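# Residue-level structure breakdown
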Amino acid sequence: MPAIVVVGAQWGDEGKGKATDQLGDRVDYCVRYSGGNNAGHTVVVDGERYALHLLPSGILNPDCVPVIGNGVVVDLDVLLSEIEGLAVRGVDASHMLISANSHIITTYHQVIDKVTERFLGKARIGTTGRGVGPAYSDKVNRIGLRIQDLFDASILRQKVEAALEQKNHLLVKVYNRREIDPAEVTEHLLSHAEWIRPHVVDVSALLNEALDAGKVVLFEGAQAHHLDVDHGTYPYVTSSNPVAGGACVGTGVGPTRIDRVVGIAKAYTTRVGEGPMPTELLDSNGDKLREAGIEFGTTTGRKRRCGWFDALVVQAAARANAFTDIFLTKLDVLTGWEKIPVCVGYQVNGIRQDSMPLTQSEFHHAVPIYEELDGWTEDISSCREFDELPKNTQVYVSRLEELCGARISGIGVGPSREQSIVVNDLL
Ligand code: GDP
Ligand code: IMO
Ligand code: MG
């Protein structure tokens, strides 16, 4: 199975980093295809915790080549400090490769991200403030900066000036902020040109040739299906396409080359930032889940909103991404509940719905219909086979599988690399 895409099935932070790392030493290329350093992927190896924002999680396996595709927006300061931070910890990232077409996030994107959020007030998205949305806006508006622009100083200067012309008016006249100096931005970006140059490649050619040679390529999704700008809970989404199809757009690998799509789903639901989440628990049960799952953002440290597993949410993701498999994470966190509710439908304006509503207004008003499953009290964190799980845990997993429409091939029972149950081999 040479080409495999890993996609978040809910609203992010499902454990994509851990699931990716776990496939580890059998992966030749690990590729980020969308998003930027809004992502925070945590991997725990031998008790050491790594939080990755731009580099793919495959970096923690020495034989895997980390690749950043054209669909990613890159903050070069963050990328450099991530590489340097890993080097200090003995992880070599000097073989990282990046597309010449990846777009750049720079100072003015971060400033605009923050001021627009402030301006939106109650209508804010709750972004990570990393400048991701404004960088994608510039890309679509055709005034973005690409990695290749770093190698032509005069083109870069012109592009920065063009991008800032409008933005400075906006910053000064509307947002009451200081003007940003295009020369300063250009000089700073050019300071990255020399170190990044040897890493820049044609990612489409690289990956297609690798697949021709029978290598294993893993596309590591960031964010998730329901944060997708087209398929998610718009406008409470990120500005890119985290869905499996985004792996093709974001790297230049055609859809017929993808062999497997693995949805990563948490055994309950979390969300960071604003937007609808029908199963959110606003009472002490939500706090209990948050504490048990240590649900605080890897990137911003914000509290994650917590709630029960919403089968309709994962089902929609399974369909649109054509999941061949699901990796169910954080099952251990549910240990100790007498009953575990699972959302199997919504009541919307008095009518039962068995799939996600057509409109966002309806979704905002969706009231979950729960099925209650029996919980378990046994510690499952050292289980390594499905049969070792308590009977009620097995029933819980099987019921989710039935509801979601894709087979559960892996189960996470703890944050560490080895704390997983392989039901079906993913590679
Ligand atoms: P990602 O963004 O999808 O990679 O997920 P994050 O890394 O942001 O959040 C997932 C968190 O759960 C991290 O702290 C992981 O170390 C942790 N984690 C992943 N899988 C498991 C699991 O099966 N059990 C437990 N208890 N923690 C897990
Ligand atoms: P990983 O890869 C969870 C959310 C933000 C906000 C919305 C838009 O770790 O799963 P943005 O900064 O992208 O413009 O913010 O998307 N968001 C995430 N939530 N995990 C992530 O990434 C996220 N990346 C963005 O909280 O609601
Ligand atoms: Mg995360």
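Before reading on, note that the structure itself is shown above.
Right, let's walk through the structure included here. (Residues numbered from 1 in each chain as written. Chains lettered and ligands numbered in written order. Predicted model: local features only at pLDDT ≥ 70, side-chain atom pairs only at ≥ 80, totals over all residues. Heavy atoms only, no water.)

## Quick word on the site of ligand 2
Taken together, 20 residues form the shell around ligand 2, and within it Lys16, His41, Thr128, Gln223 and Thr238 come nearest. A distance of 2.8 Å separates an oxygen atom of ligand 2 from a polar backbone atom of aspartate 13. Arginine 302 places a polar side-chain atom, nitrogen or oxygen, 3.0 Å from an oxygen atom of ligand 2. Protein coverage of the free-state accessible area of ligand 2, which is 550 Å², stands at 98%. Split by domain, the residues of the shell around ligand 2 number at least three in each of domain 1 (3-93 + 202-422) and domain 2 (103-197). (Near = heavy atom within 4 Å. Polar contact = N/O pair within 3.5 Å; in protein donor to acceptor, adjacent residues only side chain to side chain. Areas by Shrake-Rupley, 256 points an atom, 1.4 Å probe, with all protein chains shown as cover. Domains from an automatic or database assignment.)

## Side note on the packing of aromatic side chains
Evaluation of the coordinates by the stated rule reveals 4 aromatic pairs. Considering the side-chain rings of tryptophan 308 and tryptophan 337, the 4.9 Å spacing of their centres and the 80 degrees angle between planes classify their relative orientation as edge-to-face. Of this pair, tryptophan 308 sits in the loop between β13 (305-307) and β14 (309-310) while tryptophan 337 sits in the loop between β15 (325-329) and β16 (339-348); the two residues are 29 residues apart in sequence, bridging distant segments of the chain. Exposure class is identical for tryptophan 308 and tryptophan 337. Each is buried. The cationic tip of arginine 89 hangs over the ring face of tyrosine 50; the distance from NZ or CZ to the ring centre is 4.1 Å. We note arginine 197 situated over the ring of phenylalanine 151; from NZ or CZ to the ring centre the distance is 4.6 Å. (Phe/Tyr/Trp six-rings, centres within 6.5 Å; stacked < 30°, edge-to-face > 60°. Helix = DSSP H or I, 4+ residues; strand = E, 2+ residues; numbered from the N terminus. Buried < 20%, exposed > 50% of the residue type's maximum accessible area, 1.4 Å probe, protein only. Lys NZ or Arg CZ within 6 Å of the ring centre and 35° of its normal.)

## Some thoughts on the coordination of the magnesium ion (ligand 3)
Protein-derived coordination of the magnesium ion (ligand 3) comes from Asp13 (OD) and Gly40 (O), at a distance range of 2.0 to 2.1 Å. One end of the pair, aspartate 13, is in the loop between β1 (3-8) and α1 (16-23); the other, glycine 40, is in the loop between β2 (29-32) and β3 (41-45), with 27 residues separating them in the sequence. On the basis of relative accessibility, which here comes to 11%, the residue glycine 40 falls in the buried class. (Donors = N, O, S within 2.8 Å, 3.2 Å for Na, K, Ca; no water.)

## A word on the site of ligand 1
Around ligand 1 sit 18 residues, and of these Lys16, Gly17, Gly40, Thr42 and Asp332 come closest. The contact in question runs from an oxygen atom of ligand 1 to an N or O atom on the side chain of arginine 304, over 3.2 Å. In this structure, a nitrogen atom belonging to ligand 1 sits 3.2 Å away from a main-chain N or O atom of glycine 414. Considering ligand 1 on its own, with 590 Å² of exposed area, one finds that the protein chains cover 92% of that surface. Elements represented by at least two residues in the shell around ligand 1 include exactly α1 and β3. The biggest single contributor to the shell around ligand 1 is α1, with 3 residues. Here the residues of the shell around ligand 1 are counted per class, giving 3 nonpolar, 8 polar and 7 charged. (Nonpolar A, V, L, I, M, F, W, Y, C, P; charged D, E, K, R; others polar.)

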